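Below are the chains, spelled out letter by letter.
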Amino acid sequence: MTYVLRIWYMLALVLVCPNTAEDFQWIKNNTGSFYYGTFPTGFLWGVGSSAYQTEGAWDKDGKGPSIWDAFTHKKGKVFRNETADSACDGYYKVKDDIQLLKELKVNHYLLSISWPRIMPTGIKAEQVNEKGIQFYNDTINSLLENSIIPIVSLYHWDLPQVLKEKYGGWQNISIINYFNDYANLCFEKFGDHVKHWITFSDPWAVAEKGYETGEHAPGLKLGGCGAYKAAHHIIKTHAKVWHSYNHTWHSEQQGMVGISLTSGWGEPIDFHLGWFANPIYKGDYPEVMKNYVGKKSAQQGQGTSRLPTFSVQEKSYIKGTSDFLGIGHFTTRYVIQKSLPSLHVSSYDTDSDLAELVDPKWPAPGSEWLYSAPWGFRGLLNFIKTQYGNPLIYVTENGVSEKVQCTQLCDEWRIEYLKGYINEILKAINDGVNVKGYTAWSLLDKFEWNKGFSERFGFYHIDFKNKNKPRYPKASVEYYKKIISANGFPNPREVMKIKFLTLLISQILDPLITHMEMATEIVVATVFTLCILISAVLLMFVLRNHS
């Protein structure tokens, strides 16, 4: 009886108190214009990183060079001429980093595969690197063994250098088939265990910064045409890979294929999310984009628009090629119309006739482009819901950097940023937006492209001057763990109710249990005495009959 009562007591605690009240003390200091509530059951919490930014081992075990290896090895391309040749040494620290994931208690980890690590030249017919395949197989299996779901991006900017040298990279249509071969090799080798695939991570940056401004690898400045051409080929490639998976692998592997688009929010209008999202969800570029680029091209004396066109067949082929939409988001801008001279040098940035403004009151703790304005995230998510039929969304990148190293690891600005942005996602879900998971960016401090190691997005600080690259948790680790544990932001009043009910149950059940324990002791003693007396009587009866 005592055992049964204690079982019911523990069950009651589980039902009314999923976590102890002490776990929610952090909420008391987070009052204000804030929405208290929890995320839907099954919501996925995770962190992410990319291969080039973390792995290092740039020329080890058969890996071929990428465009970023070539780019960073040229002086003057990266802040302080830093490279990711060793980066975080993630190639050698998989087990250590998985322990960090376990410490964070995340559901999933978003990682990317390095194309030149498994295909050194980028061409399957020329060479497949089995050591590279084994590395990713081991990584994926280790994640699953620790109950962490792998979400895998096929491309986070590290194009094989050979494809750039031979064909011009994403400027050449032949890249579509080479990438499709690479993707199918990944599906073949890893698809039994990977059920969430991303074709491209932030293709906007690949096109605009790689082929327009030249800030990123391969460092080309192709004056108003290069970015559009690269994006056109990337969109076609994405569609081909989606169809390949759907026709060849889906029935057996039952996975999903999507794309991850990073977009700021432009208040009151958005211009660049639709560059990639519109073809995938509606079959063509946004009308406003076609009109503006076409008008500017004509004013500049060009016979046709610098924005390429899709054929009728291509539009049909591309439309609907996404099982989910990955969204990366970091910041917001106010956007206003600003007519620029028609003879201005052709550029993606000037084609829209828009100017971006920020509120000087918005916090800006790190990167010069990253201002904290959480409300913009809700606006972006609702825009996607309205424009694209409320697709399944996974937030694939969201985080904030710091420029000044905090020796005490006290990244309170990151805590405030996470609090605000995650809360806006919760509000968007209550608006009806179909968000199923959140990926904080990023697990580690890492190589930040042309900014080198000067900007840090990680939950874990890395001492890059130490050859062992030790990891140290920042204060934001504990904060994010508590959000995951609580599945959001429980209302402080509800927490107090839980505490009161817990105390009430304890006050009622503890005396009852004690009473039952005392009663049990009396009953057991009485029964034991009766058993002895009965045994004695029976023994006397047996002996008497025997005599």
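The structure presented is a predicted model; accordingly, all values stated were derived computationally and were not measured.

What counts and how
Residues numbered from 1 in each chain as written. Predicted model: local features only at pLDDT ≥ 70, side-chain atom pairs only at ≥ 80, totals over all residues. Heavy atoms only, no water. Helix = DSSP H or I, 4+ residues; strand = E, 2+ residues; numbered from the N terminus. Buried < 20%, exposed > 50% of the residue type's maximum accessible area, 1.4 Å probe, protein only. Contact = heavy atoms within 4.5 Å. Areas by Shrake-Rupley, 256 points an atom, 1.4 Å probe, with all protein chains shown as cover. Core = buried A, V, L, I, M, F, W, Y, C linked by side-chain atoms within 4.5 Å. Pairing = 2+ DSSP bridges. Axes fitted to C-alpha atoms, helices over the stretch in contact; angles between N-to-C directions. Salt bridge = Lys/Arg side-chain N within 4 Å of Asp/Glu carboxyl O. Left-handed = near helix turned anticlockwise from the far one by under 90°. Nonpolar A, V, L, I, M, F, W, Y, C, P; charged D, E, K, R; others polar. Polar contact = N/O pair within 3.5 Å; in protein donor to acceptor, adjacent residues only side chain to side chain. Phe/Tyr/Trp six-rings, centres within 6.5 Å; stacked < 30°, edge-to-face > 60°. Lys NZ or Arg CZ within 6 Å of the ring centre and 35° of its normal. Expected span 1.5 Å × (residues − 1). Arc of directions from axis to C-beta. Patch = residues over 30% accessible without salt bridge, like charges linked within 9 Å, V, L, I, M, F, W, Y side chains within 5 Å.

A. Highlighting the overall build of the chain. Scanning the chain from terminus to terminus reveals 18 helices and 15 strands. Burial analysis of the chain (547 residues in total) assigns 56% to the buried set. In the chain, of all internal contacts separated by at least 6 residues, the share reaching a separation of at least 24 is 78%. For the chain, the exposed area adds up to about 24500 Å²; of that, 58% sits on carbon and sulfur atoms.

B. Geometry of the nonpolar core. Val-47, Trp-170, Phe-179, Trp-197, Trp-275, Tyr-438 and Tyr-480 are the most contacted members of the largest nonpolar core, which has 134 residues in total. Here this core gets 11 residues from one element, more than from any other, and that element is helix 10 (residues 226-253). In this structure Trp-170 touches Tyr-155, Leu-159, Ile-175, Phe-179, Phe-200, Val-206, Tyr-211, Lys-229, Ala-230, His-233, Ile-234 and Thr-237, once residues within four positions along its chain are discounted. Listed in part, the eight residues of the second largest apolar core include Ile-198, Met-256, Leu-392 and Tyr-394.

C. Highlighting the sheet that holds strand 2 (residues 44-48). What the eight strands build is a closed barrel, ordered 2-3-4-5-6-8-11-12; its pairing is parallel. Each strand of the sheet is rotated relative to its neighbour by a mean of 25°, with strand direction disregarded. In terms of strand pairing, strand 2 meets strand 12 (residues 435-441) through five bridges, oriented parallel. Paired with Trp-45 across the two strands is Tyr-438, which belongs to strand 12. Its contacts with the sheet put helix 16 (residues 412-430) on strand 2, strand 11 (393-397) and strand 12, and the angle it makes with strand 12 is roughly 170°.

D. Examining the sheet that holds strand 10 (residues 354-357) more closely. As summarised here, the arrangement of the three strands in space is 7-9-10, forming an open sheet in which the pairing is mixed. Looking along the sheet, the strands with just one partner apiece sit at the ends: strand 7 (265-267) and strand 10. In this sheet, neighbouring strand axes are inclined to one another by 40° on average, regardless of whether the strands run parallel or antiparallel. In the sheet, strand 9 (residues 332-337) pairs with strand 10 via four bridges, with the strands oriented antiparallel. Following the sheet pairing, Val-335 is matched in strand 10 by Glu-356. Strands strand 7 and strand 9 of the sheet are contacted by helix 15 (residues 375-387), whose axis makes an angle of about 95° with strand 7.

E. Up close: the pattern of salt bridges. Enumeration over the complete set of coordinates arrives at 25 salt bridges. Between Asp-284 and Lys-290 there is a salt bridge, with its nearest N and O atoms 2.7 Å apart. Look at the salt bridges and you will find they share partners, linking Glu-402, Asp-411, Arg-414, Asp-445, Arg-456 and Lys-474 into a network.

F. Region of interest: the packing of helix 15 against helix 16. Interaxial distance between helix 15 and helix 16 falls to 8 Å at its minimum, and their mutual angle equals 35°. Here helix 15 runs over helix 16; the crossing is right-handed. Judged by residue contacts, Trp-375, Phe-377, Arg-378, Leu-381 and Asn-382 of helix 15 engage Tyr-421, Glu-424, Ile-425, Lys-427 and Ala-428 from helix 16. In terms of residue class, the contact of helix 15 with helix 16 is built from six nonpolar, one polar and three charged.

G. The arrangement of the side chain of Glu-455 in detail. With respect to the helices and strands, the residue Glu-455 is situated in the loop between strand 12 and strand 13 (460-462). Look at Glu-455 and you get buried, because its relative accessible area is 4%. In this structure, Glu-455 is in contact with Ser-367, Trp-369, Ser-401, Glu-402, Lys-403, Lys-446 and Glu-448, ignoring residues within four places of it in sequence.

H. How the structure looks around the environment of Thr-350. When you line up the elements, Thr-350 lands in helix 14 (residues 348-351). As for Thr-350 and Ser-339, which are separated by 11 residues in sequence, their C-alpha atoms are 8.9 Å apart.

I. Representation of the side chain of His-243 in the model. The topology assignment puts His-243 in helix 10. His-243 gets classed as buried once you look at its relative accessible area, which sits at 14%. There is a polar contact of 2.7 Å between the side chain of His-243 and the backbone oxygen of Tyr-317. Excluding residues within four positions of it along the chain, His-243 makes contact with Tyr-317 and Thr-321.

J. Molecular detail of the packing of aromatic side chains. All told, the structure shown has 50 aromatic pairs when counted by the stated rule. Considering the side-chain rings of Trp-275 and Phe-276, the 5.1 Å spacing of their centres and the 40° angle between planes classify their relative orientation as tilted. Since its relative accessible area comes to 0%, Trp-275 is described here as buried. Their ring planes at 50° and their centres at 6.2 Å tell us that Phe-377 and Tyr-421 sit as a pair that is tilted. You can see Phe-377 sitting in helix 15 and its partner Tyr-421 sitting in helix 16, a full 44 residues away along the chain. Each of the two residues, Phe-377 as well as Tyr-421, counts as buried. Grouping aromatic residues by their ring pairs yields a cluster made of Tyr-52, Trp-68, Phe-71, Trp-157, Phe-447, Trp-449, Phe-453 and Phe-464. Sitting over the ring of Phe-135, Arg-117 keeps its end group 6.0 Å from the ring centre. Residue placement shows Lys-295 over the ring face of Tyr-292; its charged tip is 5.0 Å from the ring centre.

K. Expanded view of helix 17 (residues 475-486). Look at helix 17: 18 Å from first C-alpha to last across 12 residues, which is about the 16 Å you get at 1.5 Å a residue. After helix 17 finishes, the residue Asn-487 shows a positive phi value of roughly 55°.

L. Layout of helix 4 (residues 94-104). Val-94, Asp-97, Ile-98, Leu-100, Leu-101 and Leu-104 are the residues of helix 4 that are buried. Mapping the buried residues of helix 4 onto a view down its axis gives an arc of 150°, with all of them on the same face. The secondary structure elements touched by the buried residues of helix 4 are strand 2, strand 3 (108-112), helix 6 (130-145), strand 13, strand 14 (471-473) and helix 17. One or two residues past the end of helix 4 sits Lys-105, with phi positive at roughly 65°.

M. Spatial organisation of unusual backbone geometry. For the bond from Ala-217 to Pro-218, the omega torsion is 5°, close enough to zero to count as cis. Note on placement: Pro-218 falls in the loop between helix 9 (203-211) and helix 10. The omega torsion across Trp-441 and Ser-442 is 10°, close enough to zero to call that bond cis. Within the secondary structure layout, Ser-442 lies in the loop between strand 12 and strand 13.

N. Spotlight on a nonpolar patch on the surface. Together, Tyr-334, Ile-336, Leu-357 and Trp-375 give the surface a local cluster of nonpolar side chains, amounting to about 340 Å² of exposed area. With respect to the secondary-structure elements, Leu-357 resides in strand 10. Classification of Leu-357 as partly exposed rests on a relative accessible area of 43%.

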